Amino acid sequence: ATKHLCQRRISLGLRRTGSPQIGEREKKMMTLSGLERGDIKTEGKVTKMGIITTENLTKIFKSRFKNQNITALDNLNIEIEKGEIFGLLGPNGSGKTTMIKILLGLIFPTRGKVSVLGSSPRKVSIKREIGYLPETPYFYEFMNPLELLDFYGKLFEIPYDKRKRDNEKLLELAGLSKFKKLKIRNFSKGMVQRVGLAASIINNPKLLILDEPTLGL
């Protein structure tokens, strides 16, 4: 059960562009996605913002068999502040993906509280502020990366001029500029993952959730 889930804060100095642990490409992607904003300034004051907060978060999956329910999350309490990288570490079946699905508003917790960007993760307005890369992304194979990013940009109602400008930058940062007009069906697993990374920050998210982001790279 996730009562023993190993949680670890990874302090990479996201508020400082000079952090030695982050490469130049990663710093550019964070800057473009708005992840390097640091603290929030309100009327001249600097305040901390809790991006993700859970309180006694529990998820139990019911089984058809008597007394064989599965506890995926067991009274999980975490608090993630703005500008942090937070890693979920644990073996298969420890509840990492379950927690991500709850944070995305895809499933309900059995009990406990969860707050994302100060509100319920099921609010559509909150979902617009989140970027997400699933463990195994799947895209329309008949599109090329440029068409795909433009499609997602339209869903977020990003103006045409901004889409055209930012999409080129995103593909350059993901190392796909040379392949921007190649159909995705011809991409390797690693190239598809790069497309997913670019797509995950197209909406300039306040929160970025990556599930196995280095898979295939």
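Here the structure is shown first, and the text comes after it.
All values derive from a computational prediction rather than experimental measurement. (Residues numbered from 1 in each chain as written. Predicted model: local features only at pLDDT ≥ 70, side-chain atom pairs only at ≥ 80, totals over all residues. Heavy atoms only, no water.)

**Student:** Which parts of the structure should I look at to understand the overall build of the protein chain?
**Tutor:** Across its full length, the protein chain holds six helices and nine strands. Classification of the 217 residues of the protein chain by burial places 39% in the buried group. Across the protein chain, every contact between residues at least 6 apart in sequence was considered, and the portion connecting residues at least 24 apart equals 64%. (Helix = DSSP H or I, 4+ residues; strand = E, 2+ residues; numbered from the N terminus. Buried < 20%, exposed > 50% of the residue type's maximum accessible area, 1.4 Å probe, protein only. Contact = heavy atoms within 4.5 Å.)

**Student:** Please clarify how the packing of helix α4 (residues 145-155) against helix α6 (residues 189-200) should be interpreted in this entry.
**Tutor:** Each pair of packed helices gets described by two things: the angle between the helix axes and the distance between those axes. Two numbers describe how α4 lies on α6: the axes approach to 10 Å, and their chain directions differ by 30°. Relative to α6, the element α4 is oriented roughly parallel. Here α4 runs over α6; the crossing is right-handed. On α6, the residues that touch P145, L148, L149 and Y152 of α4 are V195, A198 and A199. By residue class, the composition of the contact of α4 with α6 is seven nonpolar, no polar and no charged. (Axes fitted to C-alpha atoms, helices over the stretch in contact; angles between N-to-C directions. Parallel < 35°, antiparallel > 145°, perpendicular 65-115°, else oblique. Left-handed = near helix turned anticlockwise from the far one by under 90°. Nonpolar A, V, L, I, M, F, W, Y, C, P; charged D, E, K, R; others polar.)

**Student:** In this structure, what is going on with the pattern of salt bridges? I would like to understand it.
**Tutor:** Pairing between side chains of opposite charge can happen when the charged atoms of each approach one another. This structure, assessed with the given rule, holds five salt bridges. The partner of D150 in a salt bridge is R163, and the shortest N-O contact between them spans 2.7 Å. Here the residue D150 occupies a position in helix α4, and R163 occupies one in helix α5 (residues 160-173), the gap between them amounting to 13 residues. (Salt bridge = Lys/Arg side-chain N within 4 Å of Asp/Glu carboxyl O.)

**Student:** I tried to follow the environment of I209 on my own but got confused; where do I start?
**Tutor:** One can find I209 in strand β9 (residues 207-210). Since its relative accessible area comes to 8%, I209 is described here as buried. Here the alpha-carbon distance between I209 and P134, two residues 75 residues apart in the chain, equals 8.4 Å. Ignoring sequence-local partners within four residues, the contact set of I209 consists of I100, L103, L104, I130, G131, Y132 and L133.

**Student:** For this particular structure, what's the right way to read the sheet that holds strand β7 (residues 111-116)?
**Tutor:** The strand order β5-β4-β7 describes an open sheet built from three strands, whose pairing is antiparallel. A single partner strand is all that each edge strand has here, and the edge strands are β5 (70-81) and β7. Neighbour-to-neighbour, the strand axes of the sheet open up by a mean angle of 15°, direction not taken into account. Sheet topology note: the strand β4 (residues 50-61)/β7 ladder contains five bridges and is antiparallel. Looking at β7, one finds that T53 is bridged to S115. Sheet strands touched by helix α2 (residues 96-103): β4, β5 and β7. Its angle to β5, the strand with the most contacts, is close to 60°. (Pairing = 2+ DSSP bridges.)

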